[in-house]
Amino acid sequence: MRTVLVTGETGTVGRQVAAQLREAGAEVRPFSRAVGDLADPGSLPLDGVESVFLVWPFATAEGAGALIDAIAGRARRVVYLSSAAVRGHEREIERLIEESGLEWTFLRPHAFAANALRWAAQVRAGVVRGSYGLAAMPVVHEADVAAVAVRALLDGGHHGAVHELTGPEPITQADQVRVISEIVKFPASWEEVPPHHTREELLARGWPPQAVDGVLRAQADLAARPATATSTVKEVTKTPPRTFATWVAEHAAAFSTAPKPETMPAARIHEYGDAIRYDRIPTPRPGPGEVLIEVAATSFNPSEVGLRAGLLREVLPVSLPHTLGWDVSGTVAELGEGVTGLAPGDRVFGQVDGAAAGYTAVPASMLARAPESVPLAHAAAIPVAGLTAWQAVHEHARVTRGQRVLINGAGGGVGMFAVQFAKLAGATVFATASPRSAAAVKRHGADEVIDYTTTPLPGDMDVVLNLAALPYEDAAALAALGRTVITIATPIEGGTHFVARNDPAQLAEFAALIDRGELAIEIAESHPLTELHEVHRRAEEGRTRGKIILLTA
């Protein structure tokens, strides 16, 4: 029985190499950090070893020479996992091996299919943001890399071979997301963002600048000139390489749930009027009756500007520091004691406190199951705006078929839903909107869109819904246009002013309407959570419109 030392035995490829060697009848001597240290060649259990599968996990070749000398003194053959990029330290290790007197084989895999796991949280959210979605590469299954390694470790005829390993055909990044979405049954799509945005996001996650720039350059090249597939896997193993879809099907569970980290990002205010800070705080645990949600997205509500400034402290008192975010969509990560009807992995949404974070623990009774037909992140646009619109149209205005309804400020997040709910109730809808919002309001179903800056508002309305802050005189003039006046912004004499309440049953109805195709969500903008301060600044300057979501992944 041949004895093979497998370094990196707990890694993506090493685990497969060890398993396939055992299937082939070889004795595997596993080596990982739990056993010893590659930087200490004396810790390698080389007695009786014939072949070594070598993974060098460091970014420099420092210390590799001593390790290779130790291997050459005891073993006969080495298979080194290099890469198609052949970075500087990899080239140096290849040179050292070539000069060692060992029988050698180099494996140079192209991009691994397993790299798609970096998108897992974004796939759960339904939006994968990145640059160069058309970058195409023949991603390779780690099991195919391992299969070639096993043949080189056990069979003759591979000495001096440099095996470039790929999958069967190039696939773009955007198509990888599409395949993942189809297999794991989450609606998810690629969202192209400028390279400088991707660079900033990767740097914020702790990537070294040199690595970030190298990745972006490579992706730009692959968008212009897709990498070609090689036939090496089939030639060596006599089996066609596995497809990306096969890899996804085997790893579908990894896209559904994720281990809970000890800390998480959170967008918080520490004092009223202060700037938003992006802190790392302990990830909460759910209490009795609560669930822990891995947040896919929250959304911006204009009233949060007032909260941050301290203008709402009498109406909505909060303890400082305070995590922002009232809308949430996400995946159930953990259940508190006594919770029934939900399970880890369930996709939910709701109106909560503290959603502008990686995770939030909230009462299960505040949540509804998210619509299945739209990206999970988009469901974050619904709760506050949808509940406000529904309660304005149905509970306070009691809109009925044939009524004439004027919606003032229809271009905002609440207006998106108010127009649709009024139309579903059978009303004729007149909507005011600025020129930049007019097309969206028309898409939502308004019968007539009025540019309030140039056109007088029509009178003889059964219902006037005011969704915009107005000077007193304008509010009085608006009130005179209708018999029933409802306002969620400036109080209007003779009208009804209200603040929406949370109602999970209504949220469940919205989800059903969306899945039946009767209610649409339109996202005006999406940004990473770290740009929430910029959204607040633009809102203060009057430069936001529609519904804006903030993605946490």
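Structure: see above.
What counts, and where the lines are drawn
Residues numbered from 1 in each chain as written. Predicted model: local features only at pLDDT ≥ 70, side-chain atom pairs only at ≥ 80, totals over all residues. Heavy atoms only, no water. Helix = DSSP H or I, 4+ residues; strand = E, 2+ residues; numbered from the N terminus. Buried < 20%, exposed > 50% of the residue type's maximum accessible area, 1.4 Å probe, protein only. Contact = heavy atoms within 4.5 Å. Areas by Shrake-Rupley, 256 points an atom, 1.4 Å probe, with all protein chains shown as cover. Lys, Arg positive; Asp, Glu negative; His and termini not counted. Charge placed at Lys NZ, Arg CZ, Asp CG, Glu CD. Salt bridge = Lys/Arg side-chain N within 4 Å of Asp/Glu carboxyl O. Pairing = 2+ DSSP bridges. Axes fitted to C-alpha atoms, helices over the stretch in contact; angles between N-to-C directions. Right-handed = clockwise from strand over helix to strand, strands pointing away. Expected span 1.5 Å × (residues − 1). Polar contact = N/O pair within 3.5 Å; in protein donor to acceptor, adjacent residues only side chain to side chain. Core = buried A, V, L, I, M, F, W, Y, C linked by side-chain atoms within 4.5 Å.

Colleague: It is not clear to me how the overall build of the protein should be interpreted in this structure. Could you clarify?
Modeller: Helix and strand content of the protein: 18 helices and 26 strands. Counting only C-alpha atoms, the protein reaches 95 × 45 × 40 Å along its principal axes. The 553 residues of the protein split such that 52% are buried. Taking the intrachain contacts of the protein between residues at least 6 apart in sequence as the baseline, contacts between residues at least 24 apart amount to 72%. About 23,700 Å² of surface is accessible on the protein, with carbon and sulfur atoms providing 52% of the total. Side-chain charges of the protein comprise 49 positive and 63 negative groups, with the mean position of each set lying 3 Å from the other.

Colleague: Would you take a moment to explain the pattern of salt bridges for this structure?
Modeller: In this structure the tally under the stated criterion is 37 salt bridges. For arginine 151, the salt bridge goes to aspartate 155, with nearest N and O atoms at 2.6 Å. Residue arginine 151 is classed as partly exposed on the basis of its relative accessible area of 26%. Given a relative accessible area of 30%, aspartate 155 falls into the partly exposed group. In the salt-bridge network here, residues are joined through shared partners; they are Arg2, Glu50, Arg76, Arg77 and Glu103.

Colleague: When you look at the sheet that holds strand S3 (residues 51-54) in this model, what are you seeing that I'm missing?
Modeller: Sheet strands pair via backbone hydrogen bonds, and the direction of the pair is either parallel or antiparallel. Strand order in the open sheet formed by 6 strands is S2-S1-S3-S4-S5-S8, and the pairing between neighbours is parallel. This sheet does not close on itself; its edge strands, each paired only once, are strand S2 (27-31) and strand S8 (161-165). Across this sheet, the average inter-strand angle for adjacent strands is 15°, counted without regard to direction. Bridge analysis of strand S5 (residues 103-109) against S8 gives 5 bridges, and the strand direction is parallel. Bridging across to S8, phenylalanine 106 finds its partner in valine 162.

Colleague: Is there a simple way to think about the pairing of strand S4 (residues 77-81) in this case?
Modeller: Remember that side chains alternate between the two faces of the sheet whenever the strand is regular. Within S4, 5 of the 5 residues are buried, which leaves it mostly tucked inside the rest of the structure. Burial along S4 is two-sided: Arg77, Val79 and Leu81 and Val78 and Tyr80, pointing in opposite directions, are all buried. Judged from the 4 bridges that link them, S3 and S4 form a sheet pairing that is parallel. Within S4, the position partnered with serine 51 by the bridge is arginine 77. For the crossover that starts at S3, traverses helix H2 (residues 64-74) and ends in the parallel S4, the hand is right-handed. Bridge count between S4 and S5: 5 bridges; the pairing is parallel. Bridge pairing in S5 links tyrosine 80 to phenylalanine 106. Crossover connection from S4 via helix H3 (residues 88-98) to parallel S5: handedness right-handed.

Colleague: Honestly, helix H14 (residues 413-424) in this entry has me stumped. Any pointers?
Modeller: Side chains of residues three or four places apart in an α-helix project in the same direction, reflecting 3.6 residues per turn. For H14, spanning 12 residues, the distance from its first C-alpha to its last is 17 Å, which sits close to the expected 16 Å at 1.5 Å a residue. In terms of burial, H14 is a largely internal element, 10 of the 12 residues being buried. Listing the buried residues of H14 in full gives Gly413, Val414, Gly415, Met416, Phe417, Ala418, Val419, Gln420, Phe421 and Ala422.

Colleague: Help me out: how do you make sense of the environment of valine 414 in this one?
Modeller: On the secondary structure map, valine 414 appears in helix H14. Looking at valine 414, the relative accessible area reads 17%, which means it is buried. Here the alpha-carbon distance between valine 414 and alanine 468, two residues 54 residues apart in the chain, equals 10 Å. When neighbours within four sequence positions are excluded, valine 414 is seen to be in contact with Ala385, Thr388, Ala389, Leu467 and Ile488.

Colleague: What's the story with the side chain of aspartate 346 in this structure? I'm lost.
Modeller: Inspection of the secondary structure assignment puts aspartate 346 in the loop between strand S15 (327-335) and strand S16 (347-351). Owing to a relative accessible area of 18%, aspartate 346 belongs among the buried residues under this scheme. Side chain to side chain, aspartate 346 and arginine 369 meet in a polar contact 3.2 Å long. Aside from chain neighbours lying at most four places away, what touches aspartate 346 is Gly330, Thr331, Val332, Gly341 and Arg369.

Colleague: Please clarify how the nonpolar core should be interpreted in this entry.
Modeller: Nonpolar side chains in soluble globular proteins tend to be buried together. Residues Ile382, Ile407, Phe421 and Leu465 are the most contacted members of the largest nonpolar core, which totals 54 residues. Among the elements that take part in this core, H14 stands out by supplying 7 residues, more than any other. For phenylalanine 421, the residues in contact, after removing those within four places along its chain, are Gly386, Ala389, Trp390, Val393, His394, Phe510, Leu513 and Leu519. Membership of the second largest hydrophobic core comes to 49 residues, among which are Val13, Ala114, Val123 and Leu165.

So, to be careful, I would describe these as geometric facts and stop short of saying anything about function.
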